[in-house]
Amino acid sequence: MNKAAFFKMSYGLYVVSSGDGARFNGQIANTVFQVTSEPATIAVCINKQNLTHEFIRQSRKFTASIVARSAPLEFIGRFGFKSGRDIDKFDGVNYKIGVTGFPIVTDHTVAAIEAEVFDELDCGTHRIFVGRVVDCDVLRDEEPMTYAYYHEVKGGKSPKTAPTYQKEAPPRPAAKADRYVCSVCGYVYDPEKGDPDSGIKPGTPFEDLPEDWTCPVCGAEKDKFEKEA
Ligand code: FE
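Let me sum up the structure you'll find in this document. Keep in mind it's a predicted model, so treat the numbers as computed, not measured.

The relation between two aromatic rings is expressed through the spacing of the ring centres and the mutual angle of the planes. Counted according to the given criterion, the structure contains 15 aromatic pairs. Where tyrosine 187 meets phenylalanine 225, the ring centres are 6.5 Å apart and the plane angle is 85°; that geometry is what we call edge-to-face. Here the residue tyrosine 187 occupies a position in the loop between β10 (180–182) and β11 (188–189), and phenylalanine 225 occupies one in strand β12 (residues 225–227), the gap between them amounting to 38 residues. Residue class for tyrosine 187 comes out buried when judged on its relative accessible area of 3%. The class for phenylalanine 225 is buried, based on a relative accessible area of 7%. Measuring from centroid to centroid gives 5.6 Å for phenylalanine 206 and phenylalanine 225, while their planes differ by 40°, and the two rings are tilted. With phenylalanine 206 in the loop between β11 and β12 and phenylalanine 225 in strand β12, the pair connects residues that are 19 residues apart, well separated along the chain. Among the residues examined, phenylalanine 206 registers a relative accessible area of 7% and is labelled buried. Aromatic ring contacts, followed pair by pair, group Phe24, Phe75, Phe79, Phe90, Tyr95 and Phe102 into a single cluster. Taking the ring centre of tyrosine 149 as reference, the NZ or CZ of arginine 69 above it sits at 4.9 Å. The aromatic ring of phenylalanine 206 is capped on one face by lysine 222, whose charged end is 5.2 Å from the ring centroid.

The subject of this paragraph is the sheet that holds strand β2 (residues 24–29). Read across the sheet, 7 strands follow the order β2-β1-β5-β8-β9-β4-β3 without closing on themselves; strand pairing throughout is antiparallel. Of all the strands in the sheet, the pair left with one neighbour each is β2 and β3 (32–36). The sheet shows a mean angle of 35° between the axes of neighbouring strands, direction not considered. Pairing of strand β5 (residues 61–67) with strand β8 (residues 109–123) involves 7 bridges; the strand directions are antiparallel. Within β8, the residue paired with alanine 64 across the bridge is isoleucine 113. Lying on the sheet, helix α1 (residues 51–59) is in contact with β1 (14–19), β2, β4 (41–47), β5, β8 and β9 (126–138); it crosses β1 at an angle near 55°. Across the face of the sheet, helix α2 (residues 73–80) comes into contact with β1, β2 and β5 while running at roughly 115° to β2.

The residue after glutamate 38, namely proline 39, is reached through a cis peptide bond having omega -5°. Here proline 39 lies in the loop between β3 and β4. A positive phi is found at arginine 60, a non-glycine position, where the angle reads about 60°.

Taken together, the 3 strands give an open sheet; going across it, the order is β11-β10-β12, and neighbouring strands pair in antiparallel fashion. With one partner strand each, in any of the chains shown, β11 and β12 form the two edges of the open sheet. Bridge count for β10 against β12 is 3 bridges, and the pairing is antiparallel. Pairing of tyrosine 180 across the sheet is with lysine 227, part of β12.

It is worth spelling out the pairing of β9 at this point. Where β4 meets β9, 7 bridges bridge the pair, whose relative direction is antiparallel. Bridging from a neighbouring strand, threonine 41 pairs with arginine 132 of β9. Judged from the 12 bridges that link them, β8 and β9 form a sheet pairing that is antiparallel. Among the inter-strand pairings, alanine 111 is bridged to a residue of β9, identified as valine 138. Once β8 ends, the chain turns through 2 residues before running back antiparallel as β9, passing glycine 124 with a positive phi of about 85°.

So, about the pairing of β4. The buried fraction of β4 is high, at 7 of 7 residues. Side-chain alternation along β4 places Thr41, Ala43, Cys45 and Asn47 on one buried face and Ile42, Val44 and Ile46 on a second face that is also buried. Two strands pair when backbone bridges link them, and β3 and β4 are joined in this way by 4 bridges, in the antiparallel orientation. Paired with valine 32 across the two strands is valine 44, which belongs to β4. Here β3 hands over to β4 after 4 residues, the two strands then running antiparallel side by side.

The rules we used
Residues numbered from 1 in each chain as written. Predicted model: local features only at pLDDT ≥ 70, side-chain atom pairs only at ≥ 80, totals over all residues. Heavy atoms only, no water. Phe/Tyr/Trp six-rings, centres within 6.5 Å; stacked < 30°, edge-to-face > 60°. Helix = DSSP H or I, 4+ residues; strand = E, 2+ residues; numbered from the N terminus. Buried < 20%, exposed > 50% of the residue type's maximum accessible area, 1.4 Å probe, protein only. Lys NZ or Arg CZ within 6 Å of the ring centre and 35° of its normal. Pairing = 2+ DSSP bridges. Axes fitted to C-alpha atoms, helices over the stretch in contact; angles between N-to-C directions. Contact = heavy atoms within 4.5 Å.

Structure representation (structure tokens):
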């Protein structure tokens, strides 16, 4: 079985949100898809360990905000690599409340879909929720983020809880300047690409990054980075 085949599948990137009546949570998912058009139905696959899973099971409702291609890594890291059990992910993020009563993220998103769950499928580590669409709208006339763009252009990684997570392939042989890996989230700082979202120009060696520079995905400090083997 050649699991590289899975890398040939294409996906988008979404912030899936729900709540328990007292608070909200949202998380990044790449596995949101339309099931039928009449009536409009969507499905989402969520890791059972995640707080959003708990909230969707309770409330039977969720929203999916479609991430824009221009979204910075910090935004994706906030929703994708941190737990709502530790932080309020919506703190400092702009959103509006949809008809489900749950947040629709309005920063760095292009559209949003809201659904009421009518069925679910236990898939072992994950659960698929199938929901009738109760509202949807376009928020911004921009391209959506694709999973491929997130990986290839932005240098983004998958958390271990993603349905599509695979151990990364061995890195290619070292180029001119060393690449450094975040020991917390797996983000790779590539000097050739720099970190334009944080104002770091392409061609900046890791050693020359400012001391207060942090991982654009998870916020870890510079000393959490290790030279790529
Ligand atoms: Fe990180």
